[in-house]
Amino acid sequence: MIQHVYERASMCRDIAGVYVATDNEKIASCVKGFNGKVVMTSKEHRSGTDRIFEAGSILGLSSEDIVINVQGDQPVFDPAVVSLLVKALHKDPDTSMSTLIYPIREEKEIPDPNCVKVVTDKNGYAIYFSRSVIPYNRDGKKINYYKHIGIYAYRMGFLKVFTQLPEGSLERAEKLEQLRAIENGYKIKVVMSPSDSVDVDVPQDVEKVERIICADSSSL
């Protein structure tokens, strides 16, 4: 799965390098086995974002460099979405962080806590992320729900600030690290993805991802 993520990330046009940040020797060995690049990090990080900052520091990135965080459970993401996240930061110099959303198509995903829902303001900034159903549809009328796709872009300088922020009560309750930024008053620019991406959250997701990968391979 990590190799699929790595190879897709390597297809992104707007990035200078791809690295796997990990504290696990088995994962590092796996990546080296397919000639990937690895950055070994501490085992003490509270979240993946904290780990990404350490990796960027080890690589000597400057405060204005943009870092893309593609999580290891995203083996079928579209490489083109990375350009959208980078563009969002270039377009708005005051924005330090961007991420993706996608319309929820399947009814069963709405109450699923593994499918993180997002609500935004009129300017495309996240108001809140939740494992619960948001917004609450009081009158039962047709409403559009959006899910979060866990791919982020940050400015390296913001990552330094982020790692120094205390864990908030909302982050602790929902187990969603992006809430740390919102709780501390930082804006997250939300970009509409043109395609869905299947996370591998539970064992059943593996079969779904394998079908997608096989279908992609047969179409080549």
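Residues numbered from 1 in each chain as written. Predicted model: local features only at pLDDT ≥ 70, side-chain atom pairs only at ≥ 80, totals over all residues. Heavy atoms only, no water.

Draft legend 1. The overall build of the chain, seen in detail. Scanning the chain for helices and strands turns up eight helices and eight strands. Compactness check: the chain gives a C-alpha radius of gyration of 17 Å against a globular reference of 17 Å for 220 residues, within 12% of the reference. In terms of its C-alpha atoms, the chain occupies a principal-axis envelope of roughly 55 × 45 × 30 Å. Put simply, 64% of the contacts in the chain that link residues at least 6 apart link residues at least 24 apart. (Helix = DSSP H or I, 4+ residues; strand = E, 2+ residues; numbered from the N terminus. Rg over C-alpha atoms; globule rule 2.2 N^0.38 Å. Contact = heavy atoms within 4.5 Å.)

Draft legend 2. Here's a closer look at the nonpolar core. Counting residues in hydrophobic clusters, the biggest one holds 23 residues, and the most contacted among them are M97, F129 and L159. Those elements that place two or more of their residues in this core are α3 (48-58), β4 (97-103), β5 (117-120), β6 (126-130), β7 (146-155), α5 (156-164) and α7 (178-183). Tallying contributions element by element places α5 first for this core, with four residues. Beyond its immediate sequence surroundings of up to four residues, L159 is in contact with T49, I52, F53, V67 and Y154. (Core = buried A, V, L, I, M, F, W, Y, C linked by side-chain atoms within 4.5 Å. Buried < 20%, exposed > 50% of the residue type's maximum accessible area, 1.4 Å probe, protein only.)

Draft legend 3. Layout of the pairing of strand β3 (residues 66-70). Alternating residues of β3 divide into V67 and N69, all buried, and I66, I68 and V70, none buried. Where β3 and β7 come together, five bridges link them in antiparallel fashion. In the sheet register, V70 faces β7, and the bridge partner there is I151. (Pairing = 2+ DSSP bridges.)

Draft legend 4. Quick peek at the environment of P93. Of note, P93 is situated in the loop between α4 (81-91) and β4. Taking the C-alpha atoms as reference, P93 lies 26 Å from Y146; in sequence the two are 53 residues apart.

Draft legend 5. Examining the pairing of β5 more closely. Inspection of the sheet shows β5 paired to β6 by four bridges, in the antiparallel sense. Bridge pairing in β6 places V119 opposite Y128. Taking the residues between adjacent antiparallel strands as the criterion, β5 and β6 are bridged by five residues, where G124 takes a positive phi near 80 degrees. Pairing geometry for β5 and β7, over two bridges, is antiparallel. Across the sheet, V118 pairs through a bridge with Y146, a residue of β7.

Draft legend 6. The pattern of salt bridges, seen in detail. As enumerated under the stated definition, the model contains nine salt bridges in all. Two residues, E106 and K108, come together in a salt bridge whose shortest N-O distance is 3.6 Å. K108 sits in the exposed class, given a relative accessible area of 61%. (Salt bridge = Lys/Arg side-chain N within 4 Å of Asp/Glu carboxyl O.)

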